[in-house]
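What follows is the residue order along each chain.
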Amino acid sequence: MNAQDRAALTQASKGSIAVFESVVPQATLAAINRMLDAAYEATRDHEQFFGSAQDVVHTLRDIAAFRALENEAVRAASDWLRSTMQVTATVGPWFGLRIGSSTTTAGSHCRHFDSQVLTLVIVLKTASDQERSGDLVVYPRTREIPRRRHNVLRKSMQWGERGLPFQLRAARTERHLERGLCSRIRGLAGDVYVFNGFLMQHCNLDVLAGERRSLVIHYLDPGLSLGLSAVNRLRRHELAAPSDAVLPVETVTGLDAL
């Protein structure tokens, strides 16, 4: 990894977003999506599809460029956490598959902050309509580090906002985009986004046609959510595997990889 990429990851740990294009080769993406197609059709509740997240993580870590990117992202985020929040975080990772289509709008336009300091989004498949393709939307004005009670209150409010009608959530996002309050990150399959989701509010657009798939990996939970993060992870089919071999293989800024 070159110095420019390391600098981008350092800035991402402080509240910006780093976009790395074409990290996952097309042949690997095709193999992943063939496996996910079969898993999605295997059961009516798609449990096998969401349970395939760990297989996808292992496949991605066979790619040297992705492995180096993930390790450096964890290192930079760990440095920021230690120097800024001065807390002992649960390392993780937690990971899960996301799917967006015209029939699954419940997760679209739902602004939120993550419970974890580091978020990686790997785009596995892009939707066929370019204007409404489930793209990531980020709010560049980061928040100050909240106290625990303020963080829990904010997360509770955002949970309530998810219950608003889809049309209201979508209209709000469009207003924010028009006013320049947020930015749309247009990505293609194979791209990787890295950002501090604990500081940066974000959401996803809806999908008009086709399907968008992505894998989300979270690291470094500082423990300011009083259990709400665990509830969210269950709802979003995220796996917590702190003892699994999918952690980076090298020691990360004093936090021993398992």
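All of the points below concern the structure found in this document. (Residues numbered from 1 in each chain as written. Predicted model: local features only at pLDDT ≥ 70, side-chain atom pairs only at ≥ 80, totals over all residues. Heavy atoms only, no water.)

So, the side chain of Ser108
Where we set the bar: A run of DSSP states H or I qualifies as a helix once it reaches four residues; a run of E qualifies as a strand once it reaches two. Both are numbered from the N-terminal end. Any residue under 20% of the maximum accessible area for its type is buried, any over 50% is exposed, and the rest in between are partly exposed; the area is computed with a 1.4 Å probe on protein chains only. Between two residues, a contact is recorded if the distance between any of their heavy atoms is within 4.5 Å.
Here Ser108 is to be found in the loop between β2 (94-101) and β3 (118-125). Residue Ser108 is classed as buried on the basis of its relative accessible area, which comes to 6%. Apart from residues no more than four positions distant in its own chain, Ser108 is found in contact with Phe166, Arg169, Asn204, Leu205 and Asp206.

What to know about the sheet that holds strand β5 (residues 183-185)
To keep it simple, the criterion reads: When DSSP finds two or more bridges between two strands, those strands count as paired. Between N-to-C directions, angles span 0 to 180 degrees; the directions come from axes that are lines fitted to C-alpha atoms, helices contributing only their stretch in contact.
The strand order across the open sheet built from three strands is β5-β4-β7, with neighbouring strands paired in antiparallel fashion. The strands lining the two open edges of the sheet, one partner per strand, are β5 and β7 (202-204). Here the strands of the sheet are splayed against their neighbours by 30 degrees on average, with no regard to which way each runs. Relative to β5, strand β4 (residues 136-138) is paired through three bridges, and the arrangement is antiparallel. In the sheet register, Leu136 faces β5, and the bridge partner there is Ile185.

What about the nonpolar core?
In plain terms, the rule: To define a nonpolar core, start from buried Ala, Val, Leu, Ile, Met, Phe, Trp, Tyr and Cys residues and group those joined through side-chain atoms within 4.5 Å.
Ranked by size, the top nonpolar core spans 44 residues in total, and within it Leu60, Leu97, Ile122, Leu124, Val194, Leu215 and Ile217 carry the most contacts. Ignoring anything within four residues of it in the chain, the contact list for Leu60 reads Val24, Ile32, Phe66, Ile122 and Leu215. Among the nonpolar cores identified, the runner-up in size contains nine residues, and Val121, Tyr193, Phe195 and Met200 belong to it.

Details of the pairing of strand β8 (residues 211-219)
Taken across its nine residues, β8 has nine buried, putting it largely inside the fold. Of the two faces of β8, both are covered, the one formed by Glu211, Arg213, Leu215, Ile217 and Tyr219 as well as the one formed by Arg212, Ser214, Val216 and His218. The sheet contact formed by β2 and β8 spans eight bridges and is antiparallel. For Phe95, the partnering residue across the bridge sits in β8 and is Ile217. The sheet contact formed by β3 and β8 spans seven bridges and is antiparallel. Among the inter-strand pairings, Leu118 is bridged to a residue of β8, identified as Tyr219.

What about unusual backbone geometry?
Residue Pro93 follows Gly92 across a cis peptide bond; omega there is 10 degrees. Along the chain, Pro93 falls in the loop between α5 (64-84) and β2. Here Gln86, not a glycine, exhibits a phi torsion of approximately 55 degrees, which is positive. Its place among the elements puts Gln86 in the loop between α5 and β2. In the Ramachandran plot, Leu220 falls in the positive-phi region, its phi being about 65 degrees despite a non-glycine side chain. We classify Leu220 as buried; its relative accessible area is 0%.

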